[in-house]
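For reference, the chains in residue letters:
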Amino acid sequence: MTDPVYRRVVIKLSGEYLAGQQGFGIDQPTLDRVADDLIAARQLGTEVAVVIGGGNIVRGVEVSSQGVSRTTGDTMGMLATMMNCLALEATIERKGTPARTLSAFVMPEISELFTRTAAHKYLAEGRIVLLGGGTGNPFFTTDTTAVLRAAEIGAEAVLKATNVDGVYSADPKKDPTATRFDRLTHSQAIEGGYKVMDATAFALARETLLPIIVFSIAEPGSIGAVLRGGGHGTVVAG
Ligand SMILES: Nc1ncnc2c1ncn2[C@@H]1O[C@H](COP(=O)(O)OP(=O)(O)OP(=O)(O)O)[C@@H](O)[C@H]1O
Ligand SMILES: O=c1ccn([C@@H]2O[C@H](COP(=O)(O)O)[C@@H](O)[C@H]2O)c(=O)[nH]1
């Protein structure tokens with residue numbers, strides 16, 4: 001089997017995907033399948049940290065349009081990512097692989113606070129480390145969180161495991177004529193305004209020289225394929 005090309009990565013896992021066919025919340029069979037992929041990826045030898053989105057439960061912008069403030073909505077969204085982390089942690093551990101959730105918020109009864117030291121310690125122990133609570137600040141996204149945490153913990157790449165198999169010239173779910181890019185620079189991704197990730201995430205990745213690989217999580221084994229330097233997706237890099 002080919003060795004992995006990365007020593008340490010942050011995987012941005014789509015929250016939305018975890019809802020499965022039910023469209024909301026956590027579909028346990030979907031979570032089980034994703035957990036299997038993450039465990040197989042860890043077994044390749046790469047240190048794996050995971051940031052999960054919250055789109056299967058709450059997005060701040062959406063709830064704030066219905067009557068709560070944006071900051072409250074965003075806080076709800078960040079707490080939603082914690083719920084996803086706890087569900088994934090329990091699922092990974094049930095399968096016999098150690099995991100650990102670290103939170104951006106102080107919530108000692110539930111999770112240890114994220115620090116670089118704690119993340120390094122648990123990664124070195126071979127655990128899959130789940131990073132919950134976003135950045136801990138409103139007005140950001142978990143895409144930006146993934147890039148931020150990757151820079152903080154010295155990861156070599158951000159793997160965006162999502163509902164689409166790369167960055168397209170337009171949203172492929174809305175425009176059937178959209179074409180997929182194999183490769184883009186960070187600047188091209190920002191200037192193109194491609195909504196698969198927010199511009200803040202691309203800008204921070206450009207500044208911190210972090211490659212981002214956008215690919216579909218729907219394909220079993222896709223994480224491992226990307227870790228071995230292959231797979232089907234878009235590479236956003238220098
Ligand atoms: N130019 C584009 N190329 C690819 N996907 C795009 C583009 N523009 C918009 N999208 C949409 O972006 C979505 C993926 O990003 P989004 O942040 O919505 O999901 P996610 O990160 O997977 O979910 P979550 O926020 O729950 O983690 C795709 O489902 C796709 O429809
Ligand atoms: O740093 C952050 C990260 C996230 N949020 C809020 O959480 C939701 C869910 O995250 P997604 O990236 O959209 O999946 C997001 O919509 C924000 O409301 C945040 O405020 N700060």
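Calculation rules
Numbering of residues begins from 1 in every chain and follows the order in which that chain's sequence is written. Both sets of labels track the order of writing: A upward for chains, 1 upward for ligands. Local features in this predicted model are restricted to residues of pLDDT 70 or higher, and side-chain atom pairs are both shown and tallied only at a pLDDT of 80 or more, whereas totals for entire chains, interfaces and linings draw on every residue. In computing side-chain values, all of the structure's heavy atoms are included and hydrogens and water are not. UniProt positions are given in the numbering used here, feature names are shortened, and annotations may be inferred rather than shown by experiment. Each residue gets one of three labels from its accessible area relative to the maximum for its type: buried under 20%, exposed over 50%, partly exposed in between, using a 1.4 Å probe on protein chains only. The numbering of helices and of strands both runs from the N terminus, where a helix is a DSSP run of H or I of at least 4 residues and a strand a run of E of at least 2. Strands are treated as partners if at least two bridges between them are detected by DSSP. Each nonpolar core is a collection of buried residues, namely Ala, Val, Leu, Ile, Met, Phe, Trp, Tyr and Cys, held together in the definition by side-chain atoms within 4.5 Å. The criterion used for residue contact is that any of the two residues' heavy atoms lie within 4.5 Å.

The chain is annotated in an unreviewed UniProt entry as Uridylate kinase of Bradyrhizobium japonicum. As stated in UniProt under Subcellular location (unreviewed entry), the record for the chain gives "Cytoplasm". Among the UniProt annotations of the chain, the heading Sequence similarities (unreviewed entry) holds the following wording: "Belongs to the UMP kinase family."

(A) Local environment of the pairing of strand β8 (residues 212-216). In terms of burial, β8 is a largely internal element, five of the five residues being buried. Burial of the side chains of β8 extends over both faces: Ile212, Val214 and Ser216 are buried on one face and Ile213 and Phe215 on the other. As defined by bridge partners, strand β6 (residues 157-162) adjoins β8 across five bridges and the pair is classed as parallel. When the sheet's bridge partners are listed, Lys160 is paired in β8 with Val214.

(B) Spatial organisation of the nonpolar core. Judged by nonpolar contacts, the single largest core of 31 residues is most densely connected at Leu38, Leu88 and Leu159. In terms of residues, this core owes the most to one element, helix α2 (residues 28-43), which gives six residues. Setting aside anything within four residues of it in sequence, one finds Leu38 in contact with Ile11, Val48, Val50, Leu88, Ile92, Ile128 and Ile223.

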